[in-house]
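# Structure at a glance
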Amino acid sequence: MARGADFLGSRVAVMGGAMSWVSERNLVAAISNAGGFGVIACGAMTPDLLDREIAGTRALTDRPFGVNLITMHPQLFDLIAVCVRHGVGHVVLAGGLPPKGSLEAIKAGGAKVVCFAPTLALAKKLIRTGVDALVIEGMEAGGHIGPVSTSVLAQEMLPEIADAVPVFVAGGIGRGEAIAGYLEMGAAGVQLGTRFVCATESIAHANFKKAFIRASARDAVASVQIDPRLPVIPVRALKNSASDLFSAKQREVAGRLDENAVAMAEAQLEIEHYWAGALRRAVIDGDVEHGSVMAGQSVGMVRQEEPAAAILGELMDEAAAALGRRGG
């Protein structure tokens, strides 16, 4: 883990997954204070909101943390400027290929760039363009997901790219033994989101946390695409009425596409806004029946509410014990 920890500036190379409404100042600071690397989920925040969130996080920790920005955000370059102004050391770009000039803008401010790589070809392209590290995330993860499992991505990609840049593996990781396995395969570290949702410091509503504690892995299911003309990235969440509501939303947007009442880019953005609103209803308002309870398949390993430091400590003890048994 030394390579990943050195890159992040943290004690252990465990990044907190950026979860909208959940990965805010309190949880981010708690993960960083515990020795991990917290990451603010900017999501649909305005530059002013992000400015306040970074300042609020800095007030709670003197440890390094990062900011996750969505590449399709209409004010991406303004958000990058906010990160630069605050001296944020690591910017994580998610949601697609970085727009032209974005890597340069981040690096000019002295920050390191971390990107998600869903395929080996894209990973190699991102490395050539100058990214400093990569996250490879499998379909077991919560929220927006790709079609390939974490274990397959790790086997395919780590031997090819782990020497070039630090690579963090994500998706479905719930125990330290899995962390040890990916480190042995060449990963520099890991990223976990679901395991931290029920941290004591997480501001997620009590109903949201209860839903996680009660759930099993098979309850975390991927959303279904209704219309092939509307390329919707699947979202993994606990099954509830929101799944049916999303299907209805897709049909409504597809109908307006038929009538040429909306452009494709606008239609996709509308779908993204739907998820942002549905997630807020669940995380903040506690409506876990009609809101989106985004969760990875590791949700079955979330059994209680406990401090972030206890979660991280347990994971590291399990990883160390696993490596010890193998003589690592």
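What comes next concerns the included structure. (Residues numbered from 1 in each chain as written. Predicted model: local features only at pLDDT ≥ 70, side-chain atom pairs only at ≥ 80, totals over all residues. Heavy atoms only, no water.)

The tally for this structure, following the rule as stated, stands at 15 salt bridges. A salt bridge links Asp285 to Arg280, with the shortest nitrogen-to-oxygen separation between them at 3.5 Å. Here Asp285 falls in the partly exposed class, since its relative accessible area comes to 46%. If you follow the salt bridges from partner to partner, you end up with Lys249, Glu252, Arg256 and Glu270 in one network. (Salt bridge = Lys/Arg side-chain N within 4 Å of Asp/Glu carboxyl O. Buried < 20%, exposed > 50% of the residue type's maximum accessible area, 1.4 Å probe, protein only.)

Another aspect to go through is the sheet that holds strand E10 (residues 220–222). With antiparallel pairing, the three strands of this open sheet are ordered in space as E7-E11-E10. Every other strand in the sheet has two partners, leaving strand E7 (143–144) and E10 as the edge strands with one partner each. Examined bridge by bridge, E10 and strand E11 (residues 235–238) share three bridges and lie antiparallel to one another. Looking at E11, one finds that Val221 is bridged to Ala237. (Pairing = 2+ DSSP bridges. Helix = DSSP H or I, 4+ residues; strand = E, 2+ residues; numbered from the N terminus.)

In this section: the state of the cysteines. Taken as a whole and assessed by the stated rule, the structure comprises zero disulfides. Cys42 takes part in no disulfide bond, and the closest cysteine sulfur, belonging to Cys83, lies 7.3 Å away. According to the relative accessible area criterion, Cys42 is buried, its value standing at 3%. Unpaired in this structure, Cys115 has its nearest cysteine sulfur neighbour in Cys83, at a distance of 13 Å. (Disulfide = S-S within 2.5 Å.)

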